[in-house]
Amino acid sequence: MAVTVPGEQPRRSAAGRGAPDLKQERAHRTRESVLVAAAEAFAAHGFPSVTILDIAELAGVTKGAVYFHFANKEALALAVAEEFYQRLPAIASQVRRLDLGPREKVAELILRTATAFRTDRVIQAGARLQIERAFIDASLPTPYTDFATALTELLTEAHEEGRLGGGVEPAVLSRVLVAAFFGAQHISWVQNDRKDLQARAEEILATVLP
Ligand code: LUB
């Protein structure tokens, strides 16, 4: 994704004040473009090898502008990871609102998540940062649990409607689905730059949730 907002270092107007809304809005846009640039860089190269200068250049701002918004590279990783955990549950909330049965919602959630992993740099960066969390000196959010909980809720509804098959435990099936999806998206990334992720997600559903 191209960063279209040309960032500027926040600065005082000639009068030393004035137009605070505009200044705030510009600062907000700069922060956004730095965050997106960081996500692109982390997704493509990984946390250890990315520098603040890489991110500044990608965002089209100065290093000073990056440091105005983020104390260091760890703070950027944390902000990207937090945005990742805004976007993942947003997919689940959208799916919950669809006019579908719970079992169909599980399938829809997995498929839409696969689409997000293929197309959304922040999602790709978030997943990569979690893999690299041992190298990042920040408390990244706990991985996997929210996604597993969202799946368990839907699977429990499906179970209550008798649509899960006898002897299937919603929490267990949720763990199996998370493990399968996590593994599939990782393998698809490494082997095929995620080109086959949709097919792999459909395979998982056909096999684990027939
Ligand atoms: C999701 C990842 C990658 C789970 O929820 C998370 O923390 C996730 C972290 O690397 O995918 C999706 C099954």
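Everything here concerns the structure above.
Here's what I pulled together on the structure shown here. Here the structure is a predicted model, which means the values were calculated and not measured.

Digging into the overall build of the chain
Right, on to step 1. Counting its secondary structure elements, the chain contains 9 helices and 0 strands.
Right, on to step 2. When the helices and strands of the chain are listed from N to C terminus, the series reads α-α-α-α-α-α-α-α-α.
Right, on to step 3. With the C-alpha coordinates aligned to their principal axes, the bounding extent of the chain is approximately 70 × 35 × 30 Å.
Right, on to step 4. Taking contacts inside the chain between residues at least 6 apart in sequence as the whole, the part at least 24 apart equals 67%.
Right, on to step 5. On the chain, roughly 11,100 Å² of surface is accessible, and the fraction owed to carbon and sulfur atoms is 53%.
Right, on to step 6. In the chain, 24 side chains carry a positive charge and 26 a negative one; their mean positions are 6 Å apart.

Examining the pattern of salt bridges
Right, on to step 1. According to the stated counting rule, one finds 10 salt bridges in the structure shown.
Right, on to step 2. Residue Glu132 is joined to Arg128 by a salt bridge in which the shortest nitrogen-to-oxygen separation is 3.0 Å.
Right, on to step 3. Of the charged contacts, one joins Asp193 and Lys195 as a salt bridge, the two residues approaching to 3.8 Å between their closest N and O atoms.

Brief notes about the nonpolar core
Right, on to step 1. The biggest cluster of nonpolar side chains holds 32 residues, and the ones touching the most others in it are Leu88, Leu109, Phe117, Leu151 and Leu155.
Right, on to step 2. Contributions of two or more residues to this core are made by α4 (73–96), α5 (102–119), α6 (121–131), α7 (145–160), α8 (170–192) and α9 (197–208).
Right, on to step 3. At 7 residues, the largest contribution of residues to this core is made by α7.
Right, on to step 4. In contact with Leu109, other than residues within four places in its own chain, are Ile91, Ala92, Val95, Phe147, Leu151 and Leu154.
Right, on to step 5. Within the second largest apolar cluster, 28 residues are counted, among which are Val34, Ala37, Val80 and Ala81.

Description of the environment of Glu153
Right, on to step 1. Residue placement: Glu153 occurs in helix α7.
Right, on to step 2. Residue classification places Glu153 among the partly exposed positions, given a relative accessible area of 41%.
Right, on to step 3. Each C-alpha atom of the pair Glu153 and Pro170 lies 8.0 Å from the other, and the pair is 17 residues apart in sequence.

Description of the packing of aromatic side chains
Right, on to step 1. Going through the model one piece at a time under the given rule, you end up with 6 aromatic pairs.
Right, on to step 2. Centroid distance Phe42 to Phe47: 5.6 Å. Interplanar angle 40 degrees. Geometry classified as tilted.
Right, on to step 3. Judged by its relative accessible area of 3%, Phe47 is buried.
Right, on to step 4. A ring pair is formed by Phe84 and Tyr85, whose centres lie 4.6 Å apart and whose planes are at 65 degrees; its orientation type is edge-to-face. Of the two residues examined, Phe84 and Tyr85, each falls in the buried class.
Right, on to step 5. Through a chain of ring-to-ring contacts, three or more aromatic side chains come together here, namely Phe84, Tyr85, Phe117, Phe147 and Phe181.
Right, on to step 6. Its end group placed over the ring of Phe47, Lys73 keeps NZ or CZ at 4.2 Å from the ring centre.

Looking at the site of the ligand
Right, on to step 1. The environment of the ligand is formed by Phe84, Tyr85, Leu88, Phe117, Ala127, Gln130, Pro143, Tyr144, Phe147, Val178, Phe181 and Phe182.
Right, on to step 2. Between Tyr85 and the ligand, the recorded distance is 2.5 Å, taken from a side-chain N or O atom to an oxygen atom.
Right, on to step 3. Here Tyr144 contributes a backbone N or O atom positioned 2.7 Å from an oxygen atom of the ligand.
Right, on to step 4. Class assignment of the residues belonging to the shell around the ligand gives a composition of 11 nonpolar, 1 polar and no charged.

Observations concerning the side chain of Ser174
Right, on to step 1. Mapping Ser174 onto the fold places it in helix α8.
Right, on to step 2. On the accessibility criterion, Ser174 (1% relative accessible area) is buried.
Right, on to step 3. A distance of 2.8 Å separates a polar side-chain atom of Ser174 from the backbone oxygen of Ala148.
Right, on to step 4. Excluding residues within four positions of it along the chain, Ser174 makes contact with Ala148, Leu151, Thr152 and Leu155.

Concerning unusual backbone geometry
Right, on to step 1. Phi is positive for Asp193, which is not a glycine, with a value near 50 degrees.
Right, on to step 2. With respect to the helices, strands and loops of the structure, Asp193 is situated in the loop between α8 and α9.
Right, on to step 3. Unusually for a residue other than glycine, Arg194 sits at a positive phi of about 70 degrees.
Right, on to step 4. In this structure, Arg194 sits in the loop between α8 and α9.
Right, on to step 5. For Arg194, a relative accessible area of 8% translates into the label buried.

The rules behind these values
Residues numbered from 1 in each chain as written. Predicted model: local features only at pLDDT ≥ 70, side-chain atom pairs only at ≥ 80, totals over all residues. Heavy atoms only, no water. Helix = DSSP H or I, 4+ residues; strand = E, 2+ residues; numbered from the N terminus. Contact = heavy atoms within 4.5 Å. Areas by Shrake-Rupley, 256 points an atom, 1.4 Å probe, with all protein chains shown as cover. Lys, Arg positive; Asp, Glu negative; His and termini not counted. Charge placed at Lys NZ, Arg CZ, Asp CG, Glu CD. Salt bridge = Lys/Arg side-chain N within 4 Å of Asp/Glu carboxyl O. Core = buried A, V, L, I, M, F, W, Y, C linked by side-chain atoms within 4.5 Å. Buried < 20%, exposed > 50% of the residue type's maximum accessible area, 1.4 Å probe, protein only. Phe/Tyr/Trp six-rings, centres within 6.5 Å; stacked < 30°, edge-to-face > 60°. Lys NZ or Arg CZ within 6 Å of the ring centre and 35° of its normal. Near = heavy atom within 4 Å. Polar contact = N/O pair within 3.5 Å; in protein donor to acceptor, adjacent residues only side chain to side chain. Nonpolar A, V, L, I, M, F, W, Y, C, P; charged D, E, K, R; others polar.

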